[in-house]
Structure formats: structure tokens, C-alpha cells
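Structure assessment
Chain by chain, the residues:
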Amino acid sequence: MIDTTGAWIMPHVRRFDHVGITVADLDAVTAFFVALGLEVEGRTFVEGEFLETVCGIPDSRTEIVMLKSPGDGTRLELARFVRPESVPGSPAAMANELGLRNVSFEVNDLQTAVGWAASEGYGLVGGIGEYEGAWRMAYVRGPEGIIVSLAERIG
């Protein structure tokens with residue numbers, strides 16, 4: 001890889017590993033993503049020096065569920081802090097609020113996925129949009145206010 005000055009630089013990233021989301025109700029959020037089509041890869045508790053060092057929170061303990069998408073193995077980490085208690089976020093945050101605003105998945109049938117989410121009590125943030133005849137997409141407000149972007153390839 002060459003930088004803007006023409007010097008050779010070593011790339012730091014090897015591959016994309018996962019996105020992590022801290023939640024309050026790990027079981028409910030896990031159930032939502034499993035029903036959407038992700039698979040549970042594992043579930044465990046993490047505590048001790050490693051967690052305290054990495055997250056910078058002394059005496060912390062967290063429970064983690066790792067989910068993966070079928071086929072490509074892209075992963076989503078859901079974490080619930082046992083101690084200290086989680087700090088409330090902004091469950092009604094809109095897409096322009098700073099921070100991680102959505103997690104996105106390609107779906108086979110957008111209307112069916114949106115219908116399923118609605119039947120589970122999760123509504124649209126806005127509406128269903130179409131981008132240049134290639135994609136249909138919608139934001140669904142999932143459990144704990146997580147915005148889940150659902151996209152269907154149409155072109």
C-alpha cells in the first residue's frame with residue numbers, strides 16, 4: 001500500500017472481525033437477531049485483568065453472545081455488563097446522532113422482513129426507500145432502540 005506521499009506503508013487491517021453492541025436485555029436482543037437469521041456462535045462471561053485492561057473499567061464482568069451471518073461469517077457481538085451496570089444510551093437516537101447508528105443486513109425479501117419486524121413490535125424509523133433502481137432499504141427500530149438497516153438488492 002502506498003500513502004499520499006508515495007511511501008510504502010504496511011496496512012494495519014487484515015480483515016473485518018465484528019461489530020459490538022452493549023445491551024441491557026441480552027436474551028431479548030439475541031432472540032431478535034436470531035429470528036432475523038443470524039446464528040449463535042457462542043456465549044460466555046468475561047471478567048478479570050483482560051477485560052479491565054481493554055475496556056478500562058475496574059472490576060468489570062460482561063456476558064457476551066457472538067452471532068454470525070449465514071454464509072459469510074460476518075459477526076455481531078452483543079454484550080451485557082453484569083458489573084458495573086450499563087449506562088443508558090439514547091434509545092430514540094436518529095441516524096444523525098454521533099456514534100454507531102445502525103447495523104445493516106442484506107435480506108432476500110425486504111417487505112417480508114419489515115412485516116416480520118412489525119409483527120414483533122418493531123416499526124420503521126422512516127419508510128422504505130429505493131436507491132437508483134439497485135436497492136430497496138428500510139431502517140427498523142429494533143430492541144433497545146438499535147437501528148437495523150435492512151436492504152434488498154433489486155437491480
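It should be noted that the structure appears before, not after, this text.
What counts as what
Residues numbered from 1 in each chain as written. Predicted model: local features only at pLDDT ≥ 70, side-chain atom pairs only at ≥ 80, totals over all residues. Heavy atoms only, no water. Helix = DSSP H or I, 4+ residues; strand = E, 2+ residues; numbered from the N terminus. Buried < 20%, exposed > 50% of the residue type's maximum accessible area, 1.4 Å probe, protein only. Arc of directions from axis to C-beta. Contact = heavy atoms within 4.5 Å. Polar contact = N/O pair within 3.5 Å; in protein donor to acceptor, adjacent residues only side chain to side chain. Pairing = 2+ DSSP bridges. Axes fitted to C-alpha atoms, helices over the stretch in contact; angles between N-to-C directions.

1. A closer look at unusual backbone geometry
The bulk of non-glycine residues show a negative phi, and the bulk of peptide bonds are trans. Note that the residue after Arg 83, namely Pro 84, is joined by a cis bond; omega there is -15°. Take Pro 84: it is sitting in the loop between β4 (75-83) and β5 (102-106). At Asp 59, a residue that is not glycine, the phi angle is positive and equals roughly 55°. The exposure class of Asp 59 is partly exposed, given its relative accessible area of 47%. Of note in the backbone geometry, Glu 132 takes a positive phi value of approximately 50° without being a glycine.

2. As for helix α3 (residues 110-119)
Residues Leu 110, Ala 113, Val 114 and Ala 117 constitute the buried set of α3. For α3, the buried positions fall inside an angular range of 95° around the axis, keeping them on one side. Residues of α3 that are exposed and angled more than 90 degrees away from the buried face: Thr 112 and Ser 119. Among the structural elements, β7 (135-141) and β8 (147-153) are those in contact with the buried residues of α3. The opening residue of α3 is Asp 109, an N-cap whose side-chain oxygen sits 3.1 Å from the backbone nitrogen of Gln 111. Once α3 ends, the next one or two residues include Gly 121, with phi positive near 95°.

3. So, the environment of Val 65
One can find Val 65 in strand β3 (residues 61-68). Val 65 sits 21 residues away from Thr 44 along the chain, and the two C-alpha atoms are 6.7 Å apart. What Val 65 contacts, discounting residues up to four positions off in sequence, is Leu 26, Thr 30, Val 40, Gly 42, Arg 43, Leu 76, Glu 77 and Leu 78.

4. A closer look at the sheet that holds β7
Strands in a sheet are paired, the pairing made by backbone hydrogen bonds, and the direction either parallel or antiparallel. Overall, mixed pairing links the 4 strands, which are arranged β5-β8-β7-β6 in an open sheet. Among the strands making up the open sheet, the edge pair consists of β5 and β6 (129-131). Between one strand axis and the next, the sheet turns through 25° on average, direction left out of account. Two strands pair when backbone bridges link them, and β5 and β8 are joined in this way by 5 bridges, in the parallel orientation.

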